[in-house]
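Tertiary structure, described
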Amino acid sequence: MDEIAADWILANGRILTLDGRAPRAEALAIAGGRIVAVGSTRDLRRWRGPRTRWVDLAGAPVIPGLVDVHAHLDREGLKFLYPSLASCRRVADIQTLVRRLALARPAGEWVVTMPVGQPPFYLDVPQCLAEKRMPTRGELDAAAPAHPVYIRGIWGYWNKPPILSVANSLALRLAGVTRDTIPPKGIDILKDSAGEPTGVFIEHNVIPTLEFTLMKVAPRFTPRDRVRALRDAQRRYHARGVTSIYEGHGVAPEVLGVYREVRDRGALTMRSHLALSPTWRSLPEAERQVPELASWAGGSGIGDGLLRIGGIYLAYGGDPEVSRILQEGLPYTGWAGFVEHANDPATYRALVRLAAAHGLRVGTIVTNHLEEVLETWEGVDREASLRGRRWVLVHLARVKADLARIRRLGAVVTTNPISYLYRSGAEALKGGGTGEDFIPHRDLLRARIPFALATDNKPPDPFLALQSVVARADLGTGKVIGPGQRLTPYQALRAMSLGGAYVVGRERELGSLTPGRLADLAVLSDDPLSVSKLREIRVRLTMVGGRPVYRNDPPKGAEA
């Protein structure tokens, strides 16, 4: 019996296998990190041995582990390194918090906080404060006269510009910001009636540059911070049933180094699939670097079952000045975690050809440039077929192109429903129309184009992403965006499991609870196919390769 005994048996549950041949079951058995049997509780008793851990699910649903295909996993942990101002409703509340932080550290040490407002979207800033304005440097001075104080602005894509941040007098002095300081492009220094800085900075760049220019003296995320943040972020994503991620925006060298360090320490629990964010600053540099990159990141990439690196992210468009500023700050990337590039059409076309010639998979954000990117890819495809390479159209939004073109290229699609449907969906209706051409999931299904869902870390909640594609309702107005494009809960769940597995090239190992596949799964509080509010589902147990990586009120009999 021992040689065929399971390590785990999850029994008396509602197993949503997502395997069309056996879509539902009552129990499953795990051995050697893989699912070895699915069926009834009675049938699976034969897999029980003296060392088998038997879990009575008591009717709880089980789903395959979710795959977030645009996760920015490293960023989530960084949000918890600095104190939050989410509970502050008045300037006085901010002063109280800053005063308490200052009292806990020596004079001269920096006091740095997260932004004003309520995460994850930081809506209505500064109107969320009773004074309808940001605190001034004088008000921060009153709370901490002997400490430099800096209230960070948001990462621009959490909401949208303008981005507001504040520094007190000592912080401004250390930064060398005076009434005569000329700010770089996209940044305003707010001044009082006497022409002196109030301490408030207003940035209009979506990707903020303040901490790379005027406020680069402020404390930065250290390598140690990033390691700690990545380990913490894994736990937070596992707590929402995520077992695999794909970083389609690419990771910069400093972030890739953190993944490697966490992996080498044996602390990586998330199956992490990373595209690279290249560091070149010109086409000639790219021509020199691509052959070497392709030697290890070409094709399906390099790595193992937990960390795999392959392909590159190439930007279409962008702001050249913002790109220049951020690239001069390398290897540091701040909140981004990737290298910002600005590629005009000719440069993008040359980079795509270069990548294709060397077998490097390409991903590109196409929110505003789908037609241009498709035309470029089709030109390359005429020279050498892209079919089978699974190039990635990232953040697909409004679609005016013929979907058959995407299918002919063999491309895959990732969408960001939280940001574009839930947070800002009403914007899709501006100018008329019903939104049927906006993130058209149903049309993608009809066209048989592989697609997967992402959270983009805004927030890292796959159940909100699932709710967003099922309801397609705008947060602010409640308006339904393209009702004909709604997915059923089952279709949405497939997109975030099997769809994600296809994007990362592991559809034969991940995405369904099928014998022989890796035992990546989540035990839930409620059935995602029957509840009306998907976001309210809670995860009780998450496993990666048959190993518990998150537990919260585990089912009766669970052991770890």
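This one's a predicted model, so the numbers in the text were calculated from it and none came from an experiment. (Residues numbered from 1 in each chain as written. Predicted model: local features only at pLDDT ≥ 70, side-chain atom pairs only at ≥ 80, totals over all residues. Heavy atoms only, no water.)

**Notes on the overall build of the chain**
- Within the chain, the regular secondary structure consists of 17 helices and 24 strands.
- For 560 residues, the compact-globule estimate of 2.2 N^0.38 gives 24 Å, and the C-alpha radius of gyration of the chain, at 25 Å, lies within 12% of that figure.
- Taken over 560 residues, the chain has a buried fraction of 59%.
- Intrachain contacts of the chain at a sequence separation of at least 6 include 73% that bridge at least 24 residues. (Helix = DSSP H or I, 4+ residues; strand = E, 2+ residues; numbered from the N terminus. Rg over C-alpha atoms; globule rule 2.2 N^0.38 Å. Buried < 20%, exposed > 50% of the residue type's maximum accessible area, 1.4 Å probe, protein only. Contact = heavy atoms within 4.5 Å.)

**Details of the layout of surface pockets**
- Estimates place the volume of the largest pocket at around 990 Å³.
- Along the wall of the largest pocket there are 40 residues; nearest its centre are Tyr-157, Val-206, Thr-367, Asn-368 and Tyr-420.
- For the lining of the largest pocket, a count of residues per class yields 17 nonpolar, 14 polar and nine charged.
- In this structure, the second largest pocket occupies an estimated 580 Å³ of space.
- Class assignment for the residues of the lining of the second largest pocket results in 10 nonpolar, one polar and eight charged. (1 Å grid on protein atoms, 1.4 Å probe; cavity = no way out; pocket = protein on both sides within 12 Å on 5 of 7 lines; lining within 4 Å. Points joined across faces, edges and corners; volume = space filled by probe spheres on them. Nonpolar A, V, L, I, M, F, W, Y, C, P; charged D, E, K, R; others polar.)

**Points about the sheet that holds strand 2 (residues 14-16)**
- Judged by pairing direction, the sheet is mixed, and its six strands sit side by side in the order 3-2-7-22-23-24 without closing on themselves. In the strand order of this sheet, the two ends are held by strand 3 (24-25) and strand 24 (547-551), each with one partner. (Pairing = 2+ DSSP bridges.)

**Some thoughts on the pairing of strand 13 (residues 197-203)**
- Summarising burial for strand 13: seven of the seven residues are buried, a large majority.
- Note: strand 11 (residues 163-167) against strand 13, four bridges, orientation antiparallel. Within strand 13, the position partnered with Ile-163 by the bridge is Glu-203.
- Count of turn residues in the strand 12 (residues 187-191)/strand 13 antiparallel hairpin: five residues, of which Gly-195 carries a positive phi of about 85 degrees.

**Things to note about helix 7 (residues 253-264)**
- Over its 12 residues, helix 7 runs 16 Å from end to end, which matches the ideal 16 Å to within 8%, given 1.5 Å per residue.
- For helix 7, the elements touching its buried residues are helix 2 (73-78), helix 6 (223-238), strand 14 (242-251), strand 15 (271-276), helix 8 (283-297) and strand 17 (307-313).
- The first or second residue beyond helix 7 is Gly-266, which carries a positive phi of 75 degrees. (Expected span 1.5 Å × (residues − 1).)

**Some points on the environment of Val-470**
- For Val-470, the position within the fold is in helix 15 (residues 462-471).
- Expressed as a C-alpha distance, the spacing of Val-470 and Pro-417, which sit 53 residues apart in the sequence, is 9.9 Å.
- Not counting residues within four places of it along the chain, the set of residues in contact with Val-470 comprises Arg-486, Leu-487, Thr-488, Pro-489, Ala-492 and Leu-534.

**Overview of the sheet that holds strand 5 (residues 34-39)**
- Read from one edge to the other, the open sheet built from four strands follows the order 5-4-1-6, with strand pairing classed as mixed. Looking along the sheet, the strands with just one partner apiece sit at the ends: strand 5 and strand 6 (53-56). Going from strand to strand, the sheet's axes swing by 15 degrees on average, the running direction of each strand aside.
- Pairing analysis gives four bridges linking strand 1 (residues 8-11) to strand 6, with the strands arranged parallel. Following the sheet pairing, Ala-11 is matched in strand 6 by Asp-56. (Axes fitted to C-alpha atoms, helices over the stretch in contact; angles between N-to-C directions.)

**A look at the environment of Arg-442**
- Relative to the helices and strands, Arg-442 is located in helix 14 (residues 441-446).
- By relative accessible area, which is 26% here, Arg-442 ends up partly exposed.
- Taking C-alpha positions, Arg-442 is 40 Å from Ile-202, a pair spaced 240 residues apart along the chain.

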